[in-house]
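Structural characterization, general
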Amino acid sequence: MNERLNLLQPYPFERLRALTAGVTPTGALEQINLTIGEPRHPAPMLVREALVGALDGLSSYPPTAGAPALREACTAWLGRRYGLEGLDPARHVLPVNGTREALFAFAQMVVDPLRGGVVVSPNPFYQIYEGAALLAGAQPHFVAQRADDGFRCRWRDVPEETWSQTRLIYVCSPGNPTGVVIDLEEWRQLFDLADRHGFTIASDECYSEIYFDDARPPIGVLEAAQRLGRGFERLMMFTSLSKRSNVPGMRSGFVAGDPGLIDRFLLYRTYHGSAMSPTFQAASIAAWSDEAHVVENRQLYREKFDAVLDALGEALTVDRPDAGFYLWAAVPGGDDQAFCVDLLRQYNVLVLPGSLLARDQPGGNPGAGFVRIALVDSVSRCVEAAVRIRQFTA
Ligand SMILES: Cc1ncc(COP(=O)(O)O)c(C=O)c1O
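Since we're looking at a predicted model, the values are computed, not measured.

Before going further, it helps to spend a moment on unusual backbone geometry. Note that the residue after Asn123, namely Pro124, is joined by a cis bond; omega there is 10°. For Pro124, the position within the fold is in the loop between β3 (118-123) and α6 (128-135). That bond from Asn176 to Pro177 is cis: its omega, 10°, falls within 30 degrees of zero. Locating Pro177 in the fold gives a position in the loop between β5 (166-172) and α8 (184-197). Positioned with a positive phi, Arg234 is a non-glycine residue whose angle comes to about 60°. As for its position among the elements, Arg234 is in the loop between α9 (221-227) and β7 (235-240). The phi torsion at Asn348 lies on the positive side, around 55°, for a residue other than glycine. The exposure class assigned to Asn348 is buried, which follows from the 20 C-beta atoms found within 10 Å.

Of all residues adjacent to the ligand, which total 13 residues, the nearest are Gly98, Thr99, Arg100, Ser240 and Ser242. Residue composition of the shell around the ligand, grouped by class: four nonpolar, seven polar and two charged.

As summarised here, the arrangement of the seven strands in space is β2-β8-β7-β6-β5-β3-β4, forming an open sheet in which the pairing is mixed. Across the chains shown, the open sheet's two edge strands, defined by having one partner strand only, are β2 (93-96) and β4 (139-144). On average, each strand axis in the sheet is inclined to that of its neighbour by 20°, with strand direction left out of account. Sheet topology places β3 next to β5; three bridges connect them, and they run parallel. What sits directly across from Val119, in β5, is Leu168.

Over its 15 residues, helix α15 (residues 379-393) extends 21 Å from the first C-alpha to the last, a length consistent with the 21 Å expected when each residue adds 1.5 Å. When α15 is considered as a whole, its buried residues turn out to be Cys382, Ala385, Ala386 and Ile389. The buried residues of α15 occupy an angular sector of 100° when the element is viewed end-on, so they sit on one face. Along α15, the residues that are exposed and aim more than 90 degrees away from the buried face are Ser380 and Gln391. In this structure, the buried residues of α15 make contact with β1 (32-33), α13 (292-312), α14 (336-347) and β10 (349-350).

Their axes nearest at 8 Å, the elements α13 and α15 cross at an angle of 20°. As far as their axial angle goes, α15 and α13 are roughly parallel. The two elements α13 and α15 cross, and the hand of that crossing is right-handed. For the pair α13 and α15, the contacting residues are Glu303, Lys304, Ala307, Val308, Ala311 and Leu312 in the first and Val379, Cys382, Val383, Ala386, Val387, Ile389 and Arg390 in the second.

Attention now moves to the domain arrangement of the chain. Per the domain assignment, the segments making up the chain are domain 1 (3-42 + 293-393) and domain 2 (45-290). Each side of the interface is counted separately: domain 1 has 34 residues, and domain 2 has 32 residues. Secondary-structure elements contributing two or more residues to the side of domain 1 that touches domain 2 are α13 and β9 (326-330). At six residues, the largest contribution of residues to the side of domain 1 that touches domain 2 is made by α13. Of the residues assigned to the side of domain 1 that touches domain 2, the class counts are 17 nonpolar, nine polar and eight charged.

Quick look at the nonpolar core now. In terms of nonpolar packing, the biggest core is built from 115 residues, with Ala107 and Val255 touching the most fellow members. Residue assignment places this core across two domains, with domain 1 (3-42 + 293-393) and domain 2 (45-290) each supplying three or more. In this structure, Ala107 is in contact with Val119, Ala132, Ala133, Ala136, Ala138 and Leu168, ignoring residues within four places of it in sequence.

Moving on to the environment of Tyr126. Checked against the element boundaries, Tyr126 lands in the loop between β3 and α6. In this structure Tyr126 comes out as buried when scored by C-beta crowding, with 21 C-beta atoms within 10 Å. In the structure, Tyr126 is positioned 78 residues away from Asp204 in sequence and 9.6 Å away in space, judged by C-alpha atoms. Among residues more than four places away in sequence, those in contact with Tyr126 are Cys172, Asn176 and Asp204.

The next thing to look at is the pairing of strand β6 (residues 200-204). Most of β6 sits out of view: five of its five residues are buried. The alternating pattern of β6 places Thr200, Ala202 and Asp204 on one face and Ile201 and Ser203 on the opposite face, and all of these are buried. Taken together, the five bridges between β5 and β6 define a ladder with parallel strand orientation. Looking at β6, one finds that Cys172 is bridged to Asp204. With four bridges connecting them, β6 and β7 associate as parallel partners.

What counts as what
Residues numbered from 1 in each chain as written. Predicted model: local features only at pLDDT ≥ 70, side-chain atom pairs only at ≥ 80, totals over all residues. Helix = DSSP H or I, 4+ residues; strand = E, 2+ residues; numbered from the N terminus. Buried ≥ 20, exposed ≤ 12 C-beta atoms within 10 Å, placed from the backbone. Near = placed C-beta within 6 Å. Nonpolar A, V, L, I, M, F, W, Y, C, P; charged D, E, K, R; others polar. Pairing = 2+ DSSP bridges. Axes fitted to C-alpha atoms, helices over the stretch in contact; angles between N-to-C directions. Expected span 1.5 Å × (residues − 1). Arc of directions from axis to C-beta. Contact = placed C-beta atoms within 7 Å. Parallel < 35°, antiparallel > 145°, perpendicular 65-115°, else oblique. Left-handed = near helix turned anticlockwise from the far one by under 90°. Domains from an automatic or database assignment. Core = buried A, V, L, I, M, F, W, Y, C linked by C-beta atoms within 7 Å.

Dropping the structure here:
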C-alpha cells in the first residue's frame, strides 16, 4: 500500500459533517445549505442540445489530446477573453476532465518523486493542492492569506531556503475562498520568483468568469505573462466550464500554457487514462464558443451579491469579493466553528467554517474566525439565509 495515502487529511465537508453530526436544528425552518461551491443556475440550453446531438460519441474511445475542434474552440476563447496571440491549439492547449483532476495530476507530472521538494500553496486553499503535493512525494508549504494584507498571499514570508526547494506553486485567482484576484504587479513578483528558483506555476482560474465589472475582467496568468513580455515557460493555467457555464457535472475544462509542459502532460495523461468523452467534447465546444450565457450568468450573481450584502447589513464583517461566488466573512466573536454550529442549530443555515479550509501555521490558522458562504442557490434562498444570519447575530 502507498503509505503516503495516510498523509491525506479528511476533506472539509467530511470534517463539517463530523462537527455538525449531533446538531438538531430547533424550530421548523427549512434548511439552507451554502457550503458547497456547486453552481445551481441552470445549464445552458445550447450545451444540453449539443450534448444530446452528440450521443453517437458514446461509441468511440476518445484520444487523450481531444478533438482538434475542441482545442481550437478553447484557443479562440483564450484569444477573445485574454487577448492572447499566436497560440497553437495543438501545442498550447489540452482538454481536461475539470480542473480538479488536472490540478492533481499536474503535480504528479511536475514533481520528481525521487527528488521530492516543496509545493507552495495559499492558505486557506482548495484541498486538492495539498493532496496532490503529498502523493507526488513533495512537502506542502503554506502561505497565509490574512485580512491585514487584504487576503493576499505574503510571498515575502517564504524563506529563501524553501523557495530553493520549490518545484511547483499553486495559485488561485480569483481565489477560493477569499475572492481575491492576483494583479499584474503580483504576477510580476511571482514570475521573478519562478525564474529565480526554476519552479513551475499552476494557476487555478476556474472562477475567472464570475466578476462584477464587465470592463475589468480578472487578469489570467498567460495574459499577465504576455503583458509583461515574459513568454509561457513553466506556466500552466487551469480553467473550467463548471462555474462559467453551470455544468459541474460535465467535468470539462482545459489547461493552457508552456508547450513543453503540455507535451509532458499529454504523455502522463495517456497513461493516467483521462480523455474526455466525445459527447462532452461536443458540448464543450458549444459552451466555449458562446458568451451570451456567461454574461447572463454573471448578471445573476451580481444581483445576488447586491441583495445578500444588503440583507446582511452589518451582521458580519465582509466585503464584496473581487470575483467568484463566495463571501469570506469574519464572524462576531471569532470562533468560526461555534458560529456555524449555533447558526445551524438556531436557524438551520449551513455555512463552512474557514478553519476547515486552512492549515495551522505560525501566526495561527488563517481561516479561523471566518466563514465561507457560497452564493450558489437562488436569490431568494440566499437572501433568506442572509436575513436569518442577521437575526442570529442581532
Ligand atoms: C479553487 C477550485 N479549483 C478547482 C475546482 C474544481 O473545479 P472543476 O473540477 O469543476 O473544474 C474547484 C471546485 O470547486 C475550486 O473551488
